[in-house]
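Listed here are the chains, written in short residue letters.
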Amino acid sequence: MRATMLRLRCNRSRCAIFILLSTLLLGSMAVVKSSDSGSADSNDTAKEKPTEFPEQNWGQYYDPSNIFCGKYDCYKILSFDYQTWGRTPPTKKQLTQSYRSLSRTWHPDKNSDKGAKERFVKISQAYKILTNSKLRREYDHFRERPDEYFYKYGSSVYIPAPKSDTIVVVTLLLLLGCAFTWYAQKNRWQQIADRVVKDAVEGLKAGEGASRESLEVRDKAEEMLKGKKEEESKSNGVGGKKKGMKLTKKEMRDKENEELRPIIVDLVNEIQDFGFGAGFHQPTWRDILVVKMVKWPYPVIMGLLWEVKYYARRITKSEMNDNEREVLTKRAVGNVAWQASSDKDKESMLTQELWVTANLEEWIESHKMGQLSTGQQKRYNRWMKKEGKKAGKSD
């Protein structure tokens, strides 16, 4: 009986221990399951809720032309506050650390959010501005000075112009310069040609201001017109002449001038150089800009050497040679007048020492008298006598 009781007691204790162990095991399993479910719920929540970028905390800055970071504050984009750091602004190392941290979050390769690329561009721009000492000083300076910013950059959006090829630009400029010099030379020649045509058509004489070229062209045109009329009369015969109204001398002269005009224009267009000097010739390849640029140093250097030699001879009180007299005379009367003069006139000018002001004024007066007709010279002399008498009375 006693043995039976002991067996029952052992069985009861074993059952109690078994029940206790079972309870502990079931409790631990429930705890693990609840923790797993809690972590899973938190992971799902994290996936469902995307990370928010605090653009509302980027601050503001007056930058309408987008020179720096646009309407945002470059410092706050990198998580720094300009108003709170005092005398210890963020160093380049701190800026780099903040930039790398934000780049790991917002780089387009690591973040698929819709605005990640634009935000990363802003972060990179802020880092570029603040790590450049010159741009950073300018950025800090304009923070409280919007009026200076407006004066320098304005308020419109700045769009940089595309870069141009330097070689292409220089080539185009040279081509334009060559075209300009060619047409400028053509215009110089055309001005003289128009004057020669006008004088030749009007039939001006030497004493009336006509040039040698206009007289020669007029004579040649009259011969050609006369020969043309003779050929027409021969082809038409004596009976081919028609009677018309009689014309006055002035009308006949005007008619003849109009008939001579096309012949004179053709003859003048055949003249390549009027012989006045100073470049009054039809344009050639020597007149384009590139050729002139190549030839330009030579006359400049030779002119400087001549000046040095001339003043050196004056210092040593040497007599003036023929070359010096010719150069000074040519400068005094002008290249056009020198080239248009005959050899005899040139010799006369050299002996008059026209580089002296008084001699030059006298020569100009006599030159003007030579261009006047006989009647005009007489009237001019009478006028000079009257002026001389008036001056004598006033004295």
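In this report, we go over the structure that sits alongside the text.

Definitions and limits used
- Here the residue index of a chain counts from 1 through its sequence in written order.
- A pLDDT threshold of at least 70 governs which residues receive local features in this predicted model, and a stricter bar of 80 or more applies before side-chain atom pairs are shown or counted, although totals over entire chains, interfaces and linings include all residues.
- Hydrogens and water are ignored here; the side-chain numbers use all heavy atoms of the structure.
- The secondary structure listing takes helices from DSSP runs of H or I that are at least 4 residues long and strands from runs of E that are at least 2 residues long, numbered from the N terminus.
- By this rule, a helix spans an expected 1.5 Å times one less than how many residues it contains.
- N or O atoms within 3.5 Å of each other form a polar contact, as long as, within protein, one can give a hydrogen and the other can take it, and as long as residues adjacent in sequence are counted only when both atoms are side-chain atoms.
- Each Phe, Tyr or Trp ring (for Trp, its six-membered ring) is paired with any other whose centre lies within 6.5 Å, and the angle between the two planes then decides the class: stacked below 30 degrees, edge-to-face above 60, tilted in between.
- The classification of residues rests on relative accessible area computed with a 1.4 Å probe and restricted to protein chains. Under 20% of the type maximum is buried, over 50% is exposed, and intermediate values are partly exposed.
- Remark: a charge is flagged as sitting over a ring if the NZ atom of Lys or the CZ atom of Arg is within 6 Å of the ring centre and within 35 degrees of the ring normal.
- Helix axes are fitted to C-alpha atoms over the stretch in contact, other axes to C-alpha atoms as well, and angles between N-to-C directions run from 0 to 180 degrees.
- Throughout, the term roughly parallel applies to angles under 35 degrees, roughly antiparallel to angles over 145, roughly perpendicular to angles from 65 to 115, and oblique to all others.
- Rotating anticlockwise by less than a right angle from the far helix to the near helix defines a left-handed crossing, while the corresponding clockwise rotation defines a right-handed one.
- Whether two residues are in contact is decided by their heavy atoms: any pair within 4.5 Å suffices.
- Residues are sorted three ways: Asp, Glu, Lys and Arg are charged, Ala, Val, Leu, Ile, Met, Phe, Trp, Tyr, Cys and Pro are nonpolar, and all the rest, Gly among them, are polar.
- Within this document, salt bridges are pairs made up of a side-chain nitrogen of Lys or Arg and a carboxyl oxygen of Asp or Glu, the two lying within 4 Å of each other.

1. Considerations on helix H7 (residues 166-202)
- If you check H7, its first and last C-alpha atoms are 54 Å apart, about what 37 residues at 1.5 Å a residue would give, namely 54 Å.
- The backbone nitrogen of Ile167 has a side-chain oxygen 3.2 Å away, supplied by the residue at the start of H7, namely Asp165.
- Where H7 terminates, the next one or two residues include Gly203, which has phi positive at roughly 70°.

2. Focus on the packing of aromatic side chains
- One pass over the structure, following the stated rule, counts 14 aromatic pairs.
- Measuring from ring centre to ring centre gives 4.3 Å for Tyr61 and Tyr139, while their planes differ by 15°; the resulting arrangement is stacked. Here Tyr61, found in the loop between helix H1 (2-48) and helix H2 (74-77), pairs with Tyr139, found in helix H5 (residues 133-143); they are 78 residues apart in sequence, far enough to count as distant.
- Taking 5.6 Å as the distance between ring centres and 40° as the angle between the ring planes, the aromatic pair formed by Tyr75 and Tyr82 counts as tilted.
- The class of Tyr75 is buried, set by a relative accessible area of 0%.
- Overall, Tyr82 belongs to the partly exposed group, its relative accessible area being 26%.
- Chaining the aromatic ring pairs together yields one cluster made of Tyr61, Phe68, Tyr75, Tyr82 and Tyr139.
- One residue, Arg143, lies across the ring of Tyr82, its end atom 4.1 Å from the ring centre.

3. As for the packing of H7 against helix H9 (residues 249-269)
- Interhelical geometry of H7 versus H9 gives an angle of 150° and a closest axis separation of 9 Å. Between H7 and H9, the angle is such that the two are roughly antiparallel. Remark: the crossing between H7 and H9 carries right-handed chirality. The segment H7 lies against H9, with Trp189, Ala193, Val196, Val197, Ala200 and Val201 engaging Asn257, Arg261, Ile264, Val265, Val268 and Asn269.
- A breakdown of the residues in the contact of H7 with H9 according to their chemical character gives 9 nonpolar, 2 polar and 1 charged.

4. So, the pattern of salt bridges
- Overall, the coordinates contain 10 salt bridges when judged by the stated rule.
- With its nearest N and O atoms 2.7 Å apart, the salt bridge here joins Glu138 to Lys152. Highlighted residues: Glu138 in helix H5 and Lys152 in helix H6 (residues 146-153), separated in sequence by 14 residues.
- Glu138 sits in the buried class, given a relative accessible area of 15%.
- Between Glu307 and Arg331 there is a salt bridge, with its nearest N and O atoms 2.6 Å apart. Taken together, the positions of Glu307 in helix H11 (residues 297-315) and Arg331 in helix H12 (residues 322-333) put the pair 24 residues apart, joining distant regions of the chain.
- Relative accessible area serves as the criterion here: at 51%, Arg331 is assigned to the exposed category.
- Here the salt bridges share partners, and the residues they tie into one network are Arg313, Arg314 and Glu324.

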